[in-house]
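The primary structure of each chain is shown beneath.
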Amino acid sequence: MLPRVSVVMANYNYARYLRGAIDSALNQTLRDLELIVVDDGSSDGSREIIESYASDPRLRFRPVPHLGQPGAKNAGIEWARAPLVAFLDADDAWHLEKLAKQVALFDREPTLGVAYCRRTLIDESGQPMPYRQPPLHRGDVMAAMYRDNFVCFSSAVVRRHVFEH
């Protein structure tokens, strides 16, 4: 059976943050997910951290030669099996109900292609930092995106067919 959501995480030498990012994905209240960790040729012990999660069948590990972040994310999208693809950078962490809330939105809105949400910037110790959230736009947002990229990549969930389109 396919998972509801494929979470794509590209990692390059983020061992110091990786465990927090992986835990924030695997501890989501929405449990029906796969986490695809694409290690982009790290040399900092990231592989050992990723492999320590081998007992969780939801985690799929894909080491690749250094492709750069866009290439690693594209590789993750190719391996994704779910109808929804979410992104989580290896130095970020999600609120526990993030995916459940966004998947519910997709369930209510069958024509919705992409959903994103607000973010909180945190420092290395996890403490919130000052940040002015840009306005959130709805509907056709392309014109607004040309003026200001207001979508935090780690907040985005995309219907798979949008990539194919």
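As shown above, the structure is provided for reference.
Right, let's walk through the structure included here. As the structure is a computational prediction, the values presented were derived from the model and not from experiment. (Residues numbered from 1 in each chain as written. Predicted model: local features only at pLDDT ≥ 70, side-chain atom pairs only at ≥ 80, totals over all residues. Heavy atoms only, no water.)

### Some remarks on the sheet that holds strand E6 (residues 157-159)
Strand pairing in a sheet relies on backbone hydrogen bonds. The paired strands run either parallel or antiparallel.
Thought 1: Taken in spatial order, the 6 strands make up an open sheet running E3-E2-E1-E4-E6-E5, and their pairing is mixed. One side of each edge strand has no neighbouring strand; the edge strands of this open sheet are strand E3 (59-64) and strand E5 (114-115).
Thought 2: On top of the sheet, helix H1 (residues 15-26) reaches strand E1 (5-11), strand E2 (33-40) and E3; it is set at about 160 degrees to E2, its chief contact.
Thought 3: Its contacts with the sheet place helix H3 (residues 69-79) against E1, E2, E3 and strand E4 (84-87), and it is angled at close to 145 degrees to E2. (Pairing = 2+ DSSP bridges. Helix = DSSP H or I, 4+ residues; strand = E, 2+ residues; numbered from the N terminus. Contact = heavy atoms within 4.5 Å. Axes fitted to C-alpha atoms, helices over the stretch in contact; angles between N-to-C directions.)

### Concerning the environment of Glu78
Thought 1: Mapped onto the fold, Glu78 is located in helix H3.
Thought 2: We classify Glu78 as exposed; its relative accessible area is 65%.
Thought 3: The spatial distance from the C-alpha of Glu78 to the C-alpha of Val8 is 9.9 Å, given a sequence separation of 70 residues. (Buried < 20%, exposed > 50% of the residue type's maximum accessible area, 1.4 Å probe, protein only.)

### Overview of the pattern of salt bridges
Thought 1: Throughout the structure, instances matching the rule amount to 7 salt bridges.
Thought 2: Residue Arg60 pairs with Glu34 through a salt bridge whose shortest N-O separation is 2.8 Å. Here Arg60, found in strand E3, pairs with Glu34, found in strand E2; they are 26 residues apart in sequence, far enough to count as distant.
Thought 3: When its relative accessible area of 16% is taken as the criterion, Arg60 is described as buried. (Salt bridge = Lys/Arg side-chain N within 4 Å of Asp/Glu carboxyl O.)

### Points about the side chain of Arg159
Thought 1: Looking at the element boundaries, Arg159 is found in strand E6.
Thought 2: No salt bridge forms around the buried Arg159; measuring N to O, its nearest opposite-charge neighbour Asp107 is 6.3 Å away.
Thought 3: Side-chain polar atoms of Arg159 contact the backbone oxygen of Pro110, separated by 3.4 Å.
Thought 4: Within the local environment of Arg159, its side chain forms a polar contact with the backbone oxygen of Leu112, the two atoms lying 2.5 Å apart. (Lys, Arg positive; Asp, Glu negative; His and termini not counted. Polar contact = N/O pair within 3.5 Å; in protein donor to acceptor, adjacent residues only side chain to side chain.)

### Considerations on the nonpolar core
Thought 1: Of all hydrophobic cores here, the largest spans 28 residues; its most connected members are Val5, Val7, Met9, Ile22, Leu35, Leu59 and Leu99.
Thought 2: Every element with two or more residues in this core is listed here: E1, H1, E2, helix H2 (46-51), E3, E4 and helix H4 (98-108).
Thought 3: For this core, the leading source of residues is H1, giving 6 residues.
Thought 4: If sequence neighbours within four positions are ignored, Val7 has contacts with Glu34, Leu35, Ile36, Ala86, Leu88, Trp94 and Leu99.
Thought 5: Judged by nonpolar contacts, the second largest core, of 11 residues, contains Ile36, Val38, Val64 and Ala80. (Core = buried A, V, L, I, M, F, W, Y, C linked by side-chain atoms within 4.5 Å.)

### Concerning the pairing of E1
Thought 1: Of all 7 residues that make up E1, 7 are buried, and the element is covered over most of its length.
Thought 2: Side-chain alternation along E1 places Val5, Val7, Met9 and Asn11 on one buried face and Ser6, Val8 and Ala10 on a second face that is also buried.
Thought 3: Examined bridge by bridge, E1 and E2 share 7 bridges and lie parallel to one another. Residue pairing in the sheet places Val8 in a bridge with Ile36 of E2.
Thought 4: With respect to chirality, the unit in which E1 leads through H1 into the neighbouring parallel E2 is right-handed.
Thought 5: Two elements, E1 and E4, share 4 bridges in a ladder whose sense is parallel. Residue pairing across strands places Val8 opposite Phe87, the latter belonging to E4. (Right-handed = clockwise from strand over helix to strand, strands pointing away.)

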